[in-house]
Structure formats: C-alpha cells, structure tokens
Amino acid sequence: MTHFISISILFVILSLGSCSETHKLIKVKEIVFNAEFNPRLPSSGTFERNDSIYYYLTDVATSKKVNVYNSAGKLIYVVDLHKASKILDGIDNINMINFDTLFGFNQAQNNLVLLDYQGNILKRIDLDSLVDHRYIFRVSTKGTFYKDGRFYFGTGIPNNQYRNMGSMENRKYNGRLMLDLPPLIEFSSLFTNEKPSFKLLLPGYFGNILTENDFFVEASYYSFTDESMIYHSNFNDSVTVINLKTYKKKLYQLSSNFSNIIVPPVPIDSLDRIPITNKLRCYGAINQILYDSSQKLFYVLFLLDTHGNEEGQKSRETSIAVYNHDFEKLMEEKWPLHKYISFITINSEGLILIKYDEDNYIPKQTKKYTYEIYRYKN
Amino acid sequence: MKFIGIKINLILLLIILVSCHVEKSKIDLLEKALSTQLKSKSLKDFEWIAYVSEQGCHGCNESFKNLLEHEINSTKGIIILTSSGSILDFSKFMDDSVTNVMFISEIELRKVGILKKSGIVFLSNIQVDTIIEIQSDNLENQLSEIKRRLD
C-alpha cells in the first residue's frame with residue numbers, strides 16, 4: 001500500500017512536471033575570441049558569406065583596427081584603420097557587412113565612408129550636404145544601420161545647437177526641440193551612381209510618447225526583420241514595426257512578467273548626464289530587441305526595476321523574453337546579466353551573449369571574449 | 001542661540017573629520033588594489049590621483065584625458081584607467097615608457113568608491129585635500145582649476 005501511494009505521488013509529480021513550461025533558451029555553442037584590445041562592442045558584430053559565419057571585433061579608439069575571425073574563433077585577418085582614422089580625424093563606428101566592405105562613421109563631421117579590407121577609404125560622403133539645411137541633424141549609428149542598400153540613422157539635435165549646451169535653459173530648449181524631430185532618417189543610393197536621397201521616418205514620434213517638455217530624451221534603438229524595421233525607445237513599452245516597402249506602421253505593447261517596463265517622466269534637473277542616467281537606471285525598460293530570421297522570432301532583453309540604483313552602483317536585474325513574429329510572448333526568464341556584457345547580438349546560429357571577464361582591463365595582455373550562443377527550443 | 005551656533009559648528013567639524021577619514025580609508029583601499037603596480041611606493045608619495053572614465057559625458061572625458069596627456073611620466077601624480085581605451089584613444093597612456101599610468105578593474109574601482117567618474121583627487125600632507133569630479137556644466141572652470149593646480 002505504502003509503495004502504491006509513493007508511486008502514485010511520483011506519477012503525479014512527473015505529470016505536473018511535463019505540463020509545466022518547457023520553452024527554453026538552450027546554449028548551443030561557445031566561441032572564444034582573443035584580442036589584444038578592448039573592443040567597442042556596438043562596432044563589433046557578425047556577417048555571413050557562402051553559408052559561413054564570421055565575427056569581427058573593432059577598436060576604433062586606441063589600436064584602431066578590426067579583427068576578423070571565423071566561427072571557430074580563429075583570427076583570419078586584421079583591417080588597419082589608422083590611415084582612415086587620420087583622414088577623418090577619428091572614426092566613431094564601424095559596420096562590417098562583408099570581407100571587403102566596411103562602413104565607417106565620423107560623428108563630429110557627419111561623414112560616412114566606404115572602406116576596403118586594407119582600410120583604404122573608397123568613398124567619403126558628407127551626410128549634411130545631402131539633407132535639406134533645415135534638417136541638419138547629428139546622426140547616430142547606434143545599432144544596425146545598414147540594410148539592403150539603405151542606411152538608417154537615429155537623429156539627434158541639430159548640429160548648430162549641440163555645442164551650445166552650457167546652460168539649463170539651452171538643455172531644456174534642446175529637449176523641447178527633440179520632441180518634434182523625426183527620430184529616424186533613411187538614406188538610399190549613397191554608394192551608387194544614382195542621386196542619393198533621404199527620407200525622415202516616424203515624424204513626431206518623441207512628441208507622441210513624451211507629453212511634457214522638460215524630459216531628458218534618451219536614445220532610441222532599432223533592428224530589422226527580413227522586411228521591417230523594429231523601433232523602440234527606453235521610455236516606452238510599445239514597439240513600432242515599420243514595413244520598409246510600404247512604410248506602414250504597426251504598434252505592439254510589450255510587458256515583462258517580472259517588472260513594470262515603462263519609464264516615468266524624468267525631469268531635467270541637472271546638466272550632468274550621469275545623475276539623470278542613474279535615475280533612469282532604476283526603472284524597467286526594453287533594452288534590446290533582436291530578430292531571429294531562421295526561427296522567425298524575437299528576443300527581447302528587458303531591464304527590470306532596480307530600485308535604489310540612483311548611484312548607478314547596482315547590477316541591473318534583467319530578463320530575456322522570446323516572442324513570435326506577431327509579438328506573442330512564448331517565454332521569459334530572468335537572466336544573470338551581470339555575468340555578461342550588456343550588449344547582445346544575433347546571427348543565424350542564435351542569440352549571442354558576451355561573457356564578462358574581469359581580467360580584460362589588464363593592458364598589454366591578450367583579452368578573452370567568450371561568446372555564448374543560445375537558441376529557443378520548445 | 002550662541003550654543004546652537006557652537007553645536008552646528010561642532011557637527012560640521014565632525015562631518016568634515018568623518019568625511020576626511022572616509023576618503024583616507026578609500027585611499028588606503030585604492031593603494032591596496034594598486035599595490036603591485038605601485039611597487040615600493042605609497043599613494044601618499046603623490047600629490048594627485050586622476051581617473052579617466054569612458055562612461056558618461058564623452059566630450060568631458062576626452063578633454064580631461066587630453067589635459068592629462070601632458071602629465072604622462074609626472075612624478076607628482078598617477079593616472080588610473082579601467083580599460084585599454086575602447087571609446088577614448090588611450091594610446092599615449094599605453095606606451096611602454098610611461099611610468100605613472102596604472103590599471104584597475106571597473107568593479108574594483110567601484111568597490112573603492114573614491115572616484116565614480118572622471119576626476120582628480122588632490123592630496124596634501126597625506127590627506128585628501130580636494131576631489132574634483134568632471135561635470136559637463138562646469139567643465140571649463142574645472143579644467144582650468146585642475147590645470148592651475150597641476151602646473
């Protein structure tokens with residue numbers, strides 16, 4: 001009888017287990033890249049060619065080079081950026097799309113350059129000269145900015161205002177100005193023989209989500225599916241999907257199981273960016289959205305409410321959620337992001353998380369960057 | 001009324017003494033963290049300790065870094081970095097001939113807690129004299145004050 005009861009209990013436990021959530025993020029691969037520098041991660045990434053995947057780590061600041069690796073972590077070649085950096089008076093960002101095609105960007109001059117695998121500048125474009133003088137924006141290359149021959153940049157406050165930030169009044173004025181600016185600009189035909197053109201996307205977007213004037217305007221982020229651009233801001237729980245052929249927009253609201261993810265208005269009460277950024281760090285937010293085209297799903301990195309983080313000392317609580325193509329949530333789990341560098345990327349192998357290595361600050365020593373690749377399994 | 005004034009003064013004095021003590025203990029912690037790189041020296045042998053961060057206001061960090069490039073190999077102070085420079089160009093600090101640049105992990109520096117962003121600690125008679133953390137709204141004044149004290 002006792003055996004019967006024990007077996008029954010065990011059976012019930014096992015049945016309950018099989019009914020529970022089985023959706024998981026499974027680690028499928030780990031690659032270690034060695035570099036002699038600290039890379040700028042938004043300028044580092046991955047590209048694919050002839051069914052092979054390649055990775056690149058970029059240091060635009062100090063050693064001025066791009067290391068290109070195969071998918072086993074072996075260094076294949078190095079692109080030297082010294083020459084181009086000198087000509088442009090610095091390169092802020094690199095986007096590598098093929099073995100011999102790199103785009104470099106200089107933010108101060110709004111210059112975009114096409115580079116070859118030796119780091120030679122093949123073409124240099126002054127973006128300001130392409131845009132109507134009323135729209136002289138600073139452009140930002142944060143995130144992916146190239147797709148199918150078109151370049152996408154976030155817009156900032158006008159160049160002529162940027163250096164004029166010395167007072168609270170100017171800061172507030174620029175904050176108000178940004179509310180009316182379209183946050184995205186699309187350039188096409190930049191490196192062809194056709195006449196380049198530009199289009200302003202999402203006019204009034206900031207105005208839609210911010211209802212008062214004196215709020216600190218933080219950067220917005222975008223990524224791509226095969227046919228659309230995905231757009232979100234730190235302030236908001238909604239995600240905009242823009243079809244890149246029709247420019248039709250769809251709005252989806254996301255939520256986390258573990259936290260509110262909407263940032264309340266934060267007043268500009270300081271000219272110093274850090275205290276304001278630290279205030280924002282107390283609130284949950286959508287940090288990154290990446291599309292997995294092989295599985296047709298989205299990975300969303302949520303930053304969770306981290307109360308008491310006004311000094312910016314605490315590690316952020318985070319979770320990773322997986323959504324289907326229609327933004328229906330499939331799973332969400334808390335993630336120990338303090339063990340990783342808070343920058344994630346994706347390729348056809350899966351979601352890539354880069355492990356944090358405390359020893360990577362040591363100079364003149366080979367640094368180790370461990371990429372963990374995860375795939376969603378149901 | 002007079003007694004209230006004395007009390008306030010005593011409280012202020014106590015706060016100053018406590019904060020000096022706190023900052024002194026932070027210097028001790030920093031010295032411990034940098035002991036291998038300091039070799040036989042003590043942080044108290046120096047007149048200033050500067051830290052160039054890559055977080056926060058880029059222009060401010062860059063201006064401060066440019067100013068400190070003139071202090072490379074100074075015997076009066078040390079420059080602390082937490083990376084080989086992925087946002088700012090630290091190549092001048094990385095040269096083999098440089099003697100007063102030291103490295104610490106960001107986590108460790110945060111634990112020490114003496115400089116949370118780019119800034120400089122001036123020491124006087126083995127005590128913390130002044131701490132200047134670089135701020136965008138007062139950048140020019142701060143840089144000229146630092147330059148004046150470094151010269």
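Thresholds applied
- Residues numbered from 1 in each chain as written.
- Chains lettered and ligands numbered in written order.
- Predicted model: local features only at pLDDT ≥ 70, side-chain atom pairs only at ≥ 80, totals over all residues.
- Heavy atoms only, no water.
- Helix = DSSP H or I, 4+ residues; strand = E, 2+ residues; numbered from the N terminus.
- Buried < 20%, exposed > 50% of the residue type's maximum accessible area, 1.4 Å probe, protein only.
- Contact = heavy atoms within 4.5 Å.
- Areas by Shrake-Rupley, 256 points an atom, 1.4 Å probe, with all protein chains shown as cover.
- 1 Å grid on protein atoms, 1.4 Å probe; cavity = no way out; pocket = protein on both sides within 12 Å on 5 of 7 lines; lining within 4 Å.
- Points joined across faces, edges and corners; volume = space filled by probe spheres on them.
- Salt bridge = Lys/Arg side-chain N within 4 Å of Asp/Glu carboxyl O.
- Buried area = accessible area lost by both parts, 1.4 Å probe.
- Polar contact = N/O pair within 3.5 Å; in protein donor to acceptor, adjacent residues only side chain to side chain.
- Nonpolar A, V, L, I, M, F, W, Y, C, P; charged D, E, K, R; others polar.
- Pairing = 2+ DSSP bridges.
- Axes fitted to C-alpha atoms, helices over the stretch in contact; angles between N-to-C directions.
- Phe/Tyr/Trp six-rings, centres within 6.5 Å; stacked < 30°, edge-to-face > 60°.
- Lys NZ or Arg CZ within 6 Å of the ring centre and 35° of its normal.

Novice: Just to check I follow, could you spell out the overall build of chain B for this structure?
Specialist: A count of helical and extended segments in chain B gives six helices and five strands. Across the 151 residues of chain B, 44% fall into the buried class. Intrachain contacts of chain B at a sequence separation of at least 6 include 59% that bridge at least 24 residues. Of the roughly 8300 Å² that chain B leaves accessible, carbon and sulfur atoms contribute 55%.

Novice: What's the story with the layout of surface pockets in this structure? I'm lost.
Specialist: If a probe the size of a water molecule is rolled over the atoms, the empty space left behind becomes visible. Residue and element names in this part refer to chain B. Quantified by volume, the second largest pocket comes out at close to 310 Å³. Forming the walls of the second largest pocket are 15 residues, and the residues nearest its centre are Q37, K39, T99, N100 and M102. Residue contributions to the lining of the second largest pocket peak at three residues, all from helix α2 (residues 35-38).

Novice: Any chance you could explain the pattern of salt bridges here in plain terms?
Specialist: All names here are of chain A. Per the counting criterion, the structure on display carries 19 salt bridges over all chains. The partner of K27 in a salt bridge is E30, with the nearest N and O atoms 2.8 Å apart. For K27, a relative accessible area of 41% puts it in the partly exposed group. What you see here is one network of salt bridges that share partners, running through K27, E30, K355 and E372.

Novice: Where do I start with the environment of I87 of chain B in this structure?
Specialist: With respect to the helices and strands, the residue I87 of chain B is situated in the loop between β2 (77-81) and α4 (91-94). I87 of chain B gets classed as partly exposed once you look at its relative accessible area, which sits at 30%. A C-alpha to C-alpha distance of 9.4 Å links I87 of chain B and E62 of chain B, two positions 25 residues apart in sequence. In this structure, I87 of chain B is in contact with R40 and A61 of chain A together with E54 and H58 of chain B, ignoring residues within four places of it in sequence.

Novice: Just checking my understanding: could you explain the interface of chain A and chain B for this structure?
Specialist: It is common to give the size of an interface as the accessible area that goes away when the parts come together. Counting residues at the interface gives 19 residues for chain A, matched by 24 residues for chain B. Across the chain A/chain B interface, buried area totals approximately 2000 Å², and carbon plus sulfur atoms make up 51% of it. A salt bridge links K64 of chain A to D89 of chain B, with the nearest nitrogen and oxygen atoms 2.8 Å apart. Across the contact surface, chain A and chain B share 11 residue pairs in polar contact (both at pLDDT 80 or more). Considered class by class, the residues forming the side of chain A that touches chain B number seven nonpolar, three polar and nine charged.

Novice: Would you take a moment to explain the sheet that holds strand β8 (residues 111-115) of chain A for this structure?
Specialist: Strand pairing within a sheet occurs via backbone hydrogen bonds; the two strands may be parallel or antiparallel. Residue and element names in this part refer to chain A. Here four strands make up an open sheet; going across it, the order is β6-β7-β8-β9 and the pairing antiparallel. Edge positions in the open sheet fall to β6 (93-98) and β9 (121-126), since each of these has one partner strand only. In this sheet, neighbouring strand axes are inclined to one another by 20° on average, regardless of whether the strands run parallel or antiparallel. As defined by bridge partners, β6 adjoins strand β7 (residues 101-106) across five bridges and the pair is classed as antiparallel. When the bridges of β7 are listed, N93 appears paired with F105.

Novice: Explain the packing of aromatic side chains to me, please; I cannot follow it from the model alone.
Specialist: Enumeration according to the criterion identifies 22 aromatic pairs over all chains in this entry. On the basis of an interplanar angle of 35° and a centroid distance of 5.1 Å, the ring pair of F103 of chain A and Y146 of chain A is categorised as tilted. With F103 of chain A in strand β7 and Y146 of chain A in strand β11 (residues 146-147), this residue pair connects regions lying 43 residues apart in the sequence. Classification of F103 of chain A by relative accessible area gives buried; the value is 4%. Residue classification places Y146 of chain A among the partly exposed positions, given a relative accessible area of 24%. Measuring from centroid to centroid gives 5.1 Å for W335 of chain A and Y374 of chain A, while their planes differ by 85°, and the two rings are edge-to-face. Within this pair, whereas W335 of chain A is found in strand β22 (residues 329-335), its partner Y374 of chain A is found in strand β25 (residues 367-377), the two being separated by 39 residues in sequence. Each member of the pair, W335 of chain A as well as Y374 of chain A, carries the same accessibility label: buried. The residue whose ring lies beneath R149 of chain B is F122 of chain B, and the NZ or CZ to ring-centre distance is 4.3 Å.

Honestly, it's all geometry; don't read function into it.
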